[in-house]
Amino acid sequence: MIRRTGVAVAVSVSAVALLAGCSLPDGPSGVVVARDERTPPATATRPYFLTVRTANGERKAFQVYSDDYDQCAIGERYPQCKETHA
């Protein structure tokens, strides 16, 4: 339940930021361990999420643009994966 609430808050904050004309903040550095589409099917206007395992072992999910989602496979390091495939 806590995870769902956290994700809902993150989605809400991201939606407000996008509506305000802001770009998405970069997620934490780590190894990509999951790729989620919260509103299947994901499109350029629907959210994409990556989950990384950080250096201290925590799992962090965050919203990314569709290009970053496509460029970062499970097992790759974020944010390097989005930069090396550009």
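Just so you know, these numbers come straight off a predicted model, no measurement behind them.

Time to look at the pairing of strand E3 (residues 59-64). Where strand E2 (residues 48-53) lies against E3, six bridges are found, and the strand directions are antiparallel. Looking across to E3, one finds that Arg-53 is bridged to Arg-59. What sits between E2 and E3 in their antiparallel hairpin is a turn of five residues, with Gly-57 showing a positive phi close to 90°.

We now examine the pairing of strand E1 (residues 30-37). Bridge count for E1 against strand E4 (residues 77-78) is two bridges, and the pairing is antiparallel. Across the sheet, Val-31 pairs through a bridge with Arg-77, a residue of E4. Pairing of E1 with E2 involves six bridges; the strand directions are antiparallel. Paired with Val-32 across the two strands is Val-52, which belongs to E2.

We now examine the state of the cysteines. Under the definition given, this model contains one disulfide. Note that Cys-72 is cross-linked by a disulfide to Cys-81, the S-S spacing being 2.0 Å. Across the disulfide from Cys-72 to Cys-81, rotation about the S-S bond amounts to roughly 95°, and the bridge is consequently right-handed. In this structure Cys-81 comes out as buried when scored by relative accessible area, which is 2%.

The next point concerns the nonpolar core. Listed in full, the ten residues of the largest apolar core are Val-32, Tyr-48, Leu-50, Val-52, Phe-62, Val-64, Tyr-69, Cys-72, Tyr-78 and Cys-81. Elements supplying a minimum of two residues to this core: E2 and E3. The biggest single contributor to this core is E2, with three residues. Leaving out residues up to four positions away in the same chain, Cys-81 has contacts with Gln-71, Cys-72 and Glu-76.

Here we take up the side chain of Thr-51. Residue position: Thr-51 is located in strand E2. Non-local contacts of Thr-51, meaning those with residues more than four positions away in its chain, are made with Val-31, Val-32, Val-33, Ala-34, Asp-36, Arg-59, Lys-60 and Ala-61.

A word on unusual backbone geometry. Residue Tyr-78 is joined to Pro-79 through a cis peptide bond whose omega torsion reads 10°. Structurally, Pro-79 is set in the loop between E4 and helix H3 (80-84).

Quick notes on the rules
Residues numbered from 1 in each chain as written. Predicted model: local features only at pLDDT ≥ 70, side-chain atom pairs only at ≥ 80, totals over all residues. Heavy atoms only, no water. Pairing = 2+ DSSP bridges. Helix = DSSP H or I, 4+ residues; strand = E, 2+ residues; numbered from the N terminus. Disulfide = S-S within 2.5 Å. Buried < 20%, exposed > 50% of the residue type's maximum accessible area, 1.4 Å probe, protein only. Core = buried A, V, L, I, M, F, W, Y, C linked by side-chain atoms within 4.5 Å. Contact = heavy atoms within 4.5 Å.

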